[in-house]
Amino acid sequence: MLAFLQFRVAGRWCAVLVALLGALAASVPVAADETCNSPYMSNLIKGQEDYLYVWTLGVPGLGDGFDKLVTLDVNPASKRYGKVIAQTSVGRRGEAHHVGFTDDRRFLWAGGLADSRIDVFDVHTDPARPKLVRTITDFASRAGLVGPHTFYALPGRMLIGALSNSKDRGGHTGMALYNNDGSFLRTIAMPTSGGGDGYGYDIAINPARNAMLTSSFTGYHNYMRDLGELMKDPAAMKQFGATMVLWNLKSMQPVQIFEVPGAPLEIRWSLHEGDDWAITASALTSTLWLVKKNGAGQWQARSVGTIGDPAKIPLPVDISISADGKSLWVNTFMDGMTRRFDLSNPEAPRQTYALHTGSQVNMVSQSWDGSRLYVSSSLLSKWDKKGADDE
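Small disclaimer: the values here were computed from a predicted structure and weren't measured. (Residues numbered from 1 in each chain as written. Predicted model: local features only at pLDDT ≥ 70, side-chain atom pairs only at ≥ 80, totals over all residues. Heavy atoms only, no water.)

1. Comments concerning the pairing of strand 6 (residues 96-101)
Which entries qualify depends on this criterion: Burial here depends on accessible area, computed with a 1.4 Å probe over protein chains only, as a share of the maximum for the residue type. Under 20% is buried, over 50% is exposed, and the range in between is partly exposed. Numbering of helices and strands runs from the N terminus; a helix is a DSSP stretch of H or I covering at least four residues, while a strand is a stretch of E covering at least two. Paired strands, in this sense, are two strands between which DSSP finds at least two bridges.
Summarising burial for strand 6: six of the six residues are buried, a large majority. The loop that links strand 6 with its antiparallel partner strand 7 (residues 107-112) comprises five residues; one of these, Arg105, has a positive phi angle of about 60°.

2. Things to note about the environment of Ala153
Our working rule: A contact between two residues is defined here by any heavy atoms of the two lying within 4.5 Å.
Mapped onto the elements of the fold, Ala153 is located in strand 10 (residues 145-154). Residue Ala153 is classed as buried on the basis of its relative accessible area, which comes to 1%. In sequence terms Ala153 and Met41 are 112 residues apart; their C-alpha atoms lie 7.8 Å from each other. Ala153 has contacts with Ser38, Tyr40, Met41, Phe101, Thr102, Asp103 and Met158, leaving out every residue within four places of it along the chain.

3. Concerning the side chain of Thr280
Just so we agree on the cut-off: Each polar contact in these results corresponds to two N or O atoms within 3.5 Å; when the atoms are within protein, one needs to be able to donate a hydrogen and the other to accept it, and residues that are neighboring in sequence are counted only if both atoms are side-chain atoms.
Structurally, Thr280 can be placed in strand 19 (residues 277-282). For Thr280, a relative accessible area of 0% puts it in the buried group. A polar contact is formed between the side chain of Thr280 and the backbone oxygen of Glu266, at a distance of 2.6 Å.

4. Quick notes on the sheet that holds strand 13 (residues 184-189)
The following threshold applies: Only the stretch in contact is used when fitting a helix axis, every axis being a line fitted to C-alpha atoms; angles between N-to-C directions are given from 0 to 180 degrees.
Strand order in this open sheet of four strands is 10-11-12-13, and the pairing throughout is antiparallel. In this open sheet, the two strands that pair with only one neighbour each are strand 10 and strand 13. Strand-to-strand twist in this sheet, taken as the mean axis angle between neighbours without regard to direction, amounts to 25°. Two strands pair when backbone bridges link them, and strand 10 and strand 11 (residues 157-165) are joined in this way by eight bridges, in the antiparallel orientation. Bridge pairing in strand 11 places Thr150 opposite Gly161.

5. With respect to the packing of aromatic side chains
For any two aromatic rings, the description comes down to two numbers: the centre-to-centre distance and the angle of the planes. Convention followed: The aromatic pairing rule takes the rings of Phe, Tyr and Trp, using the six-membered ring of Trp, and pairs them if the centres are within 6.5 Å, calling planes under 30 degrees apart stacked, those over 60 edge-to-face and the rest tilted. Here, a charge over a ring means that NZ of Lys or CZ of Arg falls within 6 Å of the ring centre while also lying within 35 degrees of the ring normal.
Tallied over the full model, the rule gives 10 aromatic pairs. Summarising the aromatic geometry, the rings of Phe139 and Tyr178 are spaced 6.4 Å apart at their centres and angled 20° between planes, so their arrangement reads as stacked. Taken together, the positions of Phe139 in helix 1 (residues 139-143) and Tyr178 in strand 12 (residues 174-179) put the pair 39 residues apart, joining distant regions of the chain. Given the relative accessible area of 1%, Tyr178 is considered buried. Three or more aromatic residues joined by ring pairs make a cluster, and in this case those are Trp109, Phe139, Tyr178 and Phe184. Taking NZ or CZ as reference, Arg169 lies 4.3 Å from the ring centre of Tyr220, over its face.

Here it is, written out as structure tokens:
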């Protein structure tokens, strides 16, 4: 059986990478964990994962110094369990960040936040040894965007959420739509009116509700700047997103904008039957936010809990909700903690577990059968901790 997790180890920053996937093709849909992945591929996943794909950031003086896709054997029954079995270098450093599978799960798209190139890997022909088959070099010129961040599979297409734009590299951005063959289709701008701030980050879709949610972060000038310097610059610290957008999925038009202060990052819908809500965490305020309809049937976003001590800005960078919608894992970068929250009542999340997992802890992702948890380190090259805390 084949299975995959997209993740970033020596890479930097959040989530989304992350996609953890399990094995090939089941004819029946499964209630898979790791709901950061597109629901359009969930019926292809089943069982114990064999391989873990890690999109790693090149480090000068380490190996060839270039970004690469690293394949790990993660099947406990294998003689190679826990070992690197393949490395596919892309021949440059571009701030490797997130990856995403196409809807048929045959190809893995991987983006660079600095050079805005997108590398496409064939992970189907020989899953143990992915092959680089295409590099999209004109993302910035065609889409008018930079910093391809979230790769979200649609039927036959790839929706890419970007962090910045090619004109001034500020926070106003959008999403780019591509065919699976790498052909650019169009750009969808983040709203800048009606309460929209134009920022972008994650994408999450609930097909049953014809609903898509997007969140917001910051532009190129901020995410490629040293974190210590950035936090001392009051003007720069004002250049972070504070909204989420609810979209009509079919028309790709914004229908509602929510005020969510403090850069809401990863978004997870509960796809458990009967649930009608999504959750996110705001990075700069360490707050959990619930997006749910109120008694009048109108969507709203409201804060429902805190993570750690918000005064110390633990900086939640990734979340992973269980398939049954009953629990949430949260990784916080500044304090290096992994926490679990009970979501039996999503209106009042309750922390039930906490462990210091690493000084630079970043991504957290569950296996598709819900029995394993993967954690990786590193946020952004200019944001990672230094000295003894540099993992």
